[in-house]
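Chain by chain, the residues run as shown.
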Amino acid sequence: MQQNRSILVVGGGYAGLAFISQLRQYDQTTPVTLIDKNPYHTMLVESHQVAAGSRSPASILLPFDHIRNLRFLRAEVLGGDFRAKHLETTAGRVSYDRLVLAVGSVDHDFGVPGVREHCQTLRGLDDAVAIRDRLAALPADAPLVIAGGGLTGVELAAHIALHRASCRSLTLVEAAPSLLPGLPDHLARAARRRLGQLGVNVITGTPVARVEPGLAHLQDGTALPYGLMVWACGVKAHPLVAALGLPTDRAGRALVGPDFRTPVPDVYVIGDSAAGHTPSAQLALQQGRALAARLSGRAHAPLRNKGVLVDVGQGRAVGLVGRLMLRGLLPGWLKRVTEIAWIARVLGWRAAIGHLRGAGTVDGVRLPV
Ligand SMILES: Cc1cc2nc3c(=O)[nH]c(=O)nc-3n(C[C@H](O)[C@H](O)[C@H](O)COP(=O)(O)OP(=O)(O)OC[C@H]3O[C@@H](n4cnc5c(N)ncnc54)[C@H](O)[C@@H]3O)c2cc1C
């Protein structure tokens, strides 16, 4: 029977875990196994706080072995053979009946010379911890440059400005004419005002042309010295999608139908790795739930952009919820509620309430630091 054929999920990020938890609500019988290279889910949307040192690494991790009734295999997927229906992983060959790929995305250097060699990225716990440690080791007068005035860059700049008072010079560079490209001007201006109040020097409309050790060259000829430069200019598809031989769009994302099916039988792709949607956690969650509904023979609501909340520190945010533009403590509170609801969804309300009470850590996690 279609529904009882086992499912192998690769990637326990927002899309993968949303898929598994939703499927469990519909169907307790189909065997589901999760493979991830890490033993924990990383709440990526909170990783800027770890990077700035305002939050402990463990507080943004949800260990897979704390999730009830989850079959988990820790392994990195390296390749596979769709005809033989198996994957090659660091833990050996793994067979599947149905495969759900949810491996997210990787940072994009857009071909700017020197980025790969000299810049630090923020994609995952290791990067966040590396930024935190490098900031702590920098001399007090070392300037900091963040390239990319999207969500990640703005959140990181705000938190570093607040929590690393010793960073005397912090510059945020954005190639587009305003911060938070894609969001209404009103919000971009609010974010810029906030960063200005926090002492962040914001440069817009000027792309980074090249990076050399200690010096970032902008296209208008400005040279910005840096002790640490963080690259947060956008993402591209995870290379595994193309390595597996799936048909992709020009950005390397897997081509999928409205039901997340790829042209390869029994292979589905969701989250940042799938073409057709802006990479975001909220869409990854919706895709995970929608695929669970599809595979259980149920209808699901069409995907829609529910908005975005940009954390600008001290419990404040600027954001768009539906058509409502918000800024200040209310969207900051909404962002926190979203996080708690996600933890409750994955680990249950007890863990989520512990989190709310400020426990802020999840026990039993061996951190890669
Ligand atoms: C600092 C920051 C702030 C952000 N803030 C927001 C926000 O406020 N709102 C928003 O909507 N989005 C935000 N995003 C974007 C959001 O985090 C991503 O769009 C979202 O995580 C995508 O979910 P996903 O499930 O596709 O991938 P991910 O959450 O990245 O999960 C991918 C999983 O796959 C695993 N994996 C990868 N490769 C392999 C492999 N080869 N083998 C096995 N496992 C593998 C990884 O370990 C990971 O667990 C932010 C991102 C960052 C970095």
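Scoring rules and cut-offs
- Residues numbered from 1 in each chain as written.
- Predicted model: local features only at pLDDT ≥ 70, side-chain atom pairs only at ≥ 80, totals over all residues.
- Helix = DSSP H or I, 4+ residues; strand = E, 2+ residues; numbered from the N terminus.
- Rg over C-alpha atoms; globule rule 2.2 N^0.38 Å.
- Buried ≥ 20, exposed ≤ 12 C-beta atoms within 10 Å, placed from the backbone.
- Contact = placed C-beta atoms within 7 Å.
- Near = placed C-beta within 6 Å.
- Nonpolar A, V, L, I, M, F, W, Y, C, P; charged D, E, K, R; others polar.
- Domains from an automatic or database assignment.
- Pairing = 2+ DSSP bridges.
- Core = buried A, V, L, I, M, F, W, Y, C linked by C-beta atoms within 7 Å.
- Axes fitted to C-alpha atoms, helices over the stretch in contact; angles between N-to-C directions.
- Left-handed = near helix turned anticlockwise from the far one by under 90°.

Section: the overall build of the protein chain
Counting secondary structure elements, the protein chain contains ten helices and 23 strands. The C-alpha atoms of the protein chain give 21 Å as radius of gyration, which agrees with the globular expectation for 369 residues (21 Å, within 12%). Buried positions account for 43% of the 369 residues belonging to the protein chain. Taking the contacts inside the protein chain whose residues are at least 6 apart along the sequence as the reference set, 64% of them involve residues at least 24 apart.

Here we look at the site of the ligand
Inspection of the region around the ligand gives 36 residues, with Gly11, Gly13, Gly104, Gly271 and Ser280 positioned closest. Looking at the shell around the ligand, the elements with two or more residues in it are α1 (14-26), β2 (32-36), α2 (47-52), α5 (151-163), α8 (281-295) and β21 (307-313). In terms of residue class, the shell around the ligand is made up of 17 nonpolar, 13 polar and six charged. When we break the shell around the ligand down by domain, the ones giving at least three residues each are domain 1 (1-37 + 75-108 + 234-304) and domain 2 (117-233).

Comments concerning the pairing of strand β9 (residues 98-101)
As a general feature of sheets, a regular strand has side chains that alternate between the two faces. Note: strand β1 (residues 7-10) against β9, four bridges, orientation parallel. Bridged to Val10 within β9 is Leu101. Strand direction decides the pairing type here: β9 and strand β20 (residues 267-269), joined by three bridges, are parallel. By the bridge assignment, Val100 is partnered in β20 with Tyr268.

Description of the domain arrangement of the protein chain
Examined at the domain level, the protein chain breaks down into domain 1 (1-37 + 75-108 + 234-304) and domain 2 (117-233). For domain 1 and domain 2, the distance between their C-alpha centres works out to 33 Å. Across the boundary between the two partners, domain 1 contributes four residues, which contact six residues of domain 2. Of the residues in the side of domain 1 that touches domain 2, the class split is one nonpolar, two polar and one charged.

Let's talk about the environment of Leu180
Examined against the element boundaries, Leu180 turns out to sit in the loop between β13 (170-174) and α6 (185-197). A C-alpha to C-alpha distance of 10 Å links Leu180 and Thr204, two positions 24 residues apart in sequence. For Leu180, the contacting residues outside a window of four places in its chain are Gly149, Gly150, Leu151, Val154, Leu187, Ala188, Ala191 and Val310.

Brief notes about the nonpolar core
Counting 107 residues, the largest nonpolar core has Phe19, Ala157, Ala191 and Ile270 as the members making the most contacts within it. Among the elements that make up this core, the one with the highest residue count is α8 (eight residues). Counting contributing residues per domain, this core is built from domain 1 (1-37 + 75-108 + 234-304) and domain 2 (117-233), each supplying no fewer than three. Among residues more than four places away in sequence, those in contact with Ile270 are Ala15, Phe19, Val100, Ala102, Phe260, Ala284, Gln287, Gly288 and Leu291.

Some thoughts on the sheet that holds strand β6 (residues 77-81)
Consider a sheet: its strands pair through backbone hydrogen bonds, and that pairing is either parallel or antiparallel. With antiparallel pairing, the three strands of this open sheet are ordered in space as β6-β7-β8. The open sheet is flanked by β6 and β8 (92-95), the only strands paired with a single partner. Pairs of neighbouring strands in the sheet enclose a mean axial angle of 25°, with direction left out of account. Direction of pairing for strand β7 (residues 86-89) relative to β8: antiparallel, over a ladder of four bridges. Note on β8: the bridge partner recorded for Leu87 is Val94.

Points about the environment of Pro184
Tracing the backbone shows Pro184 in the loop between β13 and α6. The class for Pro184 is partly exposed, based on 14 C-beta atoms found within 10 Å. Sequence spacing of Pro184 and Leu320 is 136 residues, and the spatial spacing of their C-alpha atoms is 8.4 Å. Ignoring sequence-local partners within four residues, the contact set of Pro184 consists of Leu320 and Met325.

Things to note about the sheet that holds strand β22 (residues 316-321)
The antiparallel open sheet is built from three strands, whose spatial order is β21-β22-β23. Only two strands of the sheet have a single neighbouring strand rather than two, namely β21 and β23 (324-328). Along the sheet, successive strands turn relative to each other by an average axial angle of 5°, direction set aside. Here six bridges tie β21 to β22, and the two strands are oriented antiparallel to one another. The residue bridging Val310 from the neighbouring strand is Val318, located in β22. Helix α9 (residues 329-347) rests against β21, β22 and β23 of the sheet, and its axis sits at about 80° to β22.

Some words on the packing of α1 against α8
At their nearest, the axes of α1 and α8 sit 7 Å apart, and the two run at 35° to each other. Judged by the twist between their axes, the crossing of α1 over α8 is right-handed. Taken together, the residues of α8 that come into contact with α1 (itself represented by Tyr14, Ala15, Gly16, Ala18, Phe19, Gln22, Leu23 and Tyr26) are Ala281, Ala284, Leu285, Gln287, Gly288, Arg289, Leu291, Ala292 and Leu295. Considered class by class, the residues forming the contact of α1 with α8 number twelve nonpolar, four polar and one charged.

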